[in-house]
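Structure at a glance
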Amino acid sequence: MQIIKRTIRRREVLSKTGLSASTIYNLENAGDFPMHFMLTPRCAVWDEHAIELWLESRRGAEISPAKGPDVTLRKAARLRTVATGNPRGISKNVASSIGPPVSAAAKVLGDSV
């Protein structure tokens, strides 16, 4: 069993790593981060040496970029002007029910051009 020289609290772990608390706990559960242990029922601490070793291992590790979101899973997607080719940015069904654009002169005169 390794002798622990110094323990650090969550605030210092967050400061050293730059990660959020939820990310740290998710990494712990996945086995990718040093586990915390309880000094008292309400005091979780980490071994500072283990955190430093983890940081050193991450510096040299090849980390692939995160995948982007899967937009096909969205419940409602906005139609973009580029996608529809409609300068008003509205769907084609709505655009066809509105009719063609009327010029300003035709609006004033009451004529449809």
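What counts and how
Residues numbered from 1 in each chain as written. Predicted model: local features only at pLDDT ≥ 70, side-chain atom pairs only at ≥ 80, totals over all residues. Heavy atoms only, no water. Salt bridge = Lys/Arg side-chain N within 4 Å of Asp/Glu carboxyl O. Helix = DSSP H or I, 4+ residues; strand = E, 2+ residues; numbered from the N terminus. Buried < 20%, exposed > 50% of the residue type's maximum accessible area, 1.4 Å probe, protein only. Patch = residues over 30% accessible without salt bridge, like charges linked within 9 Å, V, L, I, M, F, W, Y side chains within 5 Å. Areas by Shrake-Rupley, 256 points an atom, 1.4 Å probe, with all protein chains shown as cover. Axes fitted to C-alpha atoms, helices over the stretch in contact; angles between N-to-C directions. Parallel < 35°, antiparallel > 145°, perpendicular 65-115°, else oblique. Contact = heavy atoms within 4.5 Å. Nonpolar A, V, L, I, M, F, W, Y, C, P; charged D, E, K, R; others polar. Arc of directions from axis to C-beta. Pairing = 2+ DSSP bridges.

1. Overview of the pattern of salt bridges
- A full pass over the atoms with the stated rule returns five salt bridges.
- Its salt-bridge partner being K16, residue E48 comes within 3.2 Å of it at the nearest N-O pair. Remark: K16 occurs in helix 1 (residues 10-17) and E48 occurs in helix 3 (residues 48-60); sequence separation between them is 32 residues.
- A relative accessible area of 15% places E48 in the buried class.
- Under the relative-accessibility criterion, K16 is labelled partly exposed at 31%.
- A salt bridge links E52 to K16; the nearest nitrogen and oxygen atoms lie 3.3 Å apart. Placement of E52 in helix 3 and of K16 in helix 1 is noted, with a sequence separation of 36 residues between them.
- Counted as one network, the salt bridges with shared partners bring together R6, E12, K16, E48 and E52.

2. Observations concerning a nonpolar patch on the surface
- Together, I4, F37 and L39 make up an exposed nonpolar region whose accessible area comes to about 250 Å².
- Relative to the helices and strands, I4 is located in the segment before strand 1 (7-9).
- Since its relative accessible area comes to 38%, I4 is described here as partly exposed.

3. Remarks on the packing of helix 1 against helix 2 (residues 21-30)
- Across the interface, helix 1 lies against helix 2 with an axial gap of 10 Å and an inter-helix angle of 90 degrees. One finds that helix 1 runs roughly perpendicular with respect to helix 2. Contact residues: R10, V13, L14 and T17 in helix 1; A21, I24 and Y25 in helix 2.
- Of the residues that constitute the contact of helix 1 with helix 2, the class distribution is five nonpolar, one polar and one charged.

4. Brief notes about helix 2
- Every buried residue belonging to helix 2 is among A21, I24, L27 and E28, and all of these are buried. The arc that holds every buried residue of helix 2, seen down its axis, measures 130 degrees, which confines them to one face. Facing away from the buried side of helix 2 by over 90 degrees, the exposed positions are N26, N29 and A30.
- The inward-facing, buried residues of helix 2 contact helix 1, strand 3 (43-47) and helix 3.

5. Topic: the sheet that holds strand 3
- If you trace the three strands from one edge of the open sheet to the other, you get 1-3-2, paired in antiparallel fashion. Looking at the sheet topology across the chains shown, the edges are occupied by strand 1 and strand 2 (37-40). Strand-to-strand twist across the sheet, computed as the mean angle between neighbouring axes with direction ignored, equals 50 degrees.
- Relative to strand 3, strand 2 runs antiparallel, the two sharing three bridges. Bridge pairing in strand 3 links M38 to A44.
- Packing against the sheet, helix 1 makes contact with strand 1 and strand 3, and its axis sits at approximately 90 degrees to strand 1.

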